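# Coordinate inspection notes
So the chains spell out like this:
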Amino acid sequence: GSYRISNAFFTSTATSQNNTFATAAEFPTITPTPTGVRDHIVINEDSSVGNGDADWIELFNPTGSTVDISGWIIRDNDSPETIPTSTSIPSGGYAVVVPGSAATIQINTTAIGNGLAAGGDRVELRLSDDATIVDAVSYGTDTTIFTLSAMTSTPVLARNPNGQDTDLAGDWVLQTGTIGVANN
């Protein structure tokens, strides 16, 4: 026997007359949604030289609004530090967390947590309830979150591209620190 095969292609604007189909002259252009853009504050850089008073963490606000992070908690493994009141990060802005004085966000201790270990550590940014994790990164010997290289005194862990957070280790690279500005 013989078979007759017919094909039909449909669009939302196709028309039909007596089972004869006409295709649309134009198809809509699909605009992809950017990936990795988060609606929350992200840990953007993490610098550890193994000396608590020289460590710093950069936070970035990729959202469209200012975010008040007063009372939020930054953790080094199990040691929490509370971010002081009246601390906000503007849309597209940065905040740098350092121990001691002369800081954008100054915590009232001599180290972030118990000091960020260059060979391996974990940093978590939490809401003031100390249970809700907003963002986190681990490196070196601490593989709780990611398996990333340990740091030396020059490179820092930085998000690349700047502010991207897909919850993957590939968001992070070792680079020279760009404290308070966009990563390279």
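Each remark here, short or long, concerns the structure printed above.
Residues numbered from 1 in each chain as written. Predicted model: local features only at pLDDT ≥ 70, side-chain atom pairs only at ≥ 80, totals over all residues. Heavy atoms only, no water.

To continue, consider the pattern of salt bridges. Per the counting criterion, the structure on display carries eight salt bridges. Of the charged contacts in the structure, one is a salt bridge between R122 and E124, with a shortest N-O distance of 3.2 Å. Taking relative accessible area as the criterion, R122 reaches 12% and is therefore assigned buried. Salt bridges here are not isolated pairs; linked through shared partners, they connect R75, R122, E124, R126, D130 and D142. (Salt bridge = Lys/Arg side-chain N within 4 Å of Asp/Glu carboxyl O. Buried < 20%, exposed > 50% of the residue type's maximum accessible area, 1.4 Å probe, protein only.)

In this section: the sheet that holds strand β7 (residues 79-82). The strand order β7-β6-β11-β12 describes an open sheet built from four strands, whose pairing is antiparallel. Each edge of the open sheet carries a strand with a single partner, namely β7 and β12 (133-140). Across the sheet, the mean angle separating the axes of adjacent strands is 15° when strand polarity is ignored. Pairing geometry for strand β11 (residues 120-126) and β12, over seven bridges, is antiparallel. Following the sheet pairing, L125 is matched in β12 by D135. (Pairing = 2+ DSSP bridges. Helix = DSSP H or I, 4+ residues; strand = E, 2+ residues; numbered from the N terminus. Axes fitted to C-alpha atoms, helices over the stretch in contact; angles between N-to-C directions.)

Taken across its five residues, strand β4 (residues 56-60) has five buried, putting it largely inside the fold. Burial along β4 is two-sided: the face carrying W56, E58 and F60 and the face carrying I57 and L59 are both buried. Here strand β3 (residues 42-47) runs beside β4; their pairing, made up of five bridges, is antiparallel. Note that in β4 the partner of S47 across the bridge is W56.

Under the criterion given, the structure shown has one aromatic pair. Geometrically, the ring pair formed by F60 and Y94 is tilted, given 4.9 Å between the ring centres and 35° between the ring planes. In this pair, F60 is assigned in strand β4 and Y94 in strand β9 (residues 94-99), connecting sequence segments 34 residues apart. When its relative accessible area of 10% is taken as the criterion, F60 is described as buried. (Phe/Tyr/Trp six-rings, centres within 6.5 Å; stacked < 30°, edge-to-face > 60°.)

Residue placement: V123 occurs in strand β11. Looking at V123, the relative accessible area reads 0%, which means it is buried. With residues up to four places along the chain from it excluded, the contact list for V123 reads I43, D46, I57, I74, R75, L116, D135, A136 and V137. (Contact = heavy atoms within 4.5 Å.)

In this section: unusual backbone geometry. Both trends apply: most residues other than glycine have a negative phi, and most peptide bonds are in trans. Along the chain, N160 connects to P161 via a cis peptide bond; the corresponding omega equals 5°. Counting through the fold element by element, P161 comes out in the loop between β13 (155-159) and β14 (172-176). Even without being glycine, D130 reaches a positive phi, approximately 60°. If you trace the backbone, D130 turns up in the loop between β11 and β12. Exposure remark for D130: the relative accessible area of 23% places this residue in the partly exposed category. With phi around 60°, D167 is a residue other than glycine that occupies positive phi space. Tracing the chain through its elements places D167 in the loop between β13 and β14.

By the secondary structure assignment, S47 is in strand β3. Apart from the residues lying within four places of it in its own chain, the contact partners of S47 are D55, W56, L116, M151 and V156.

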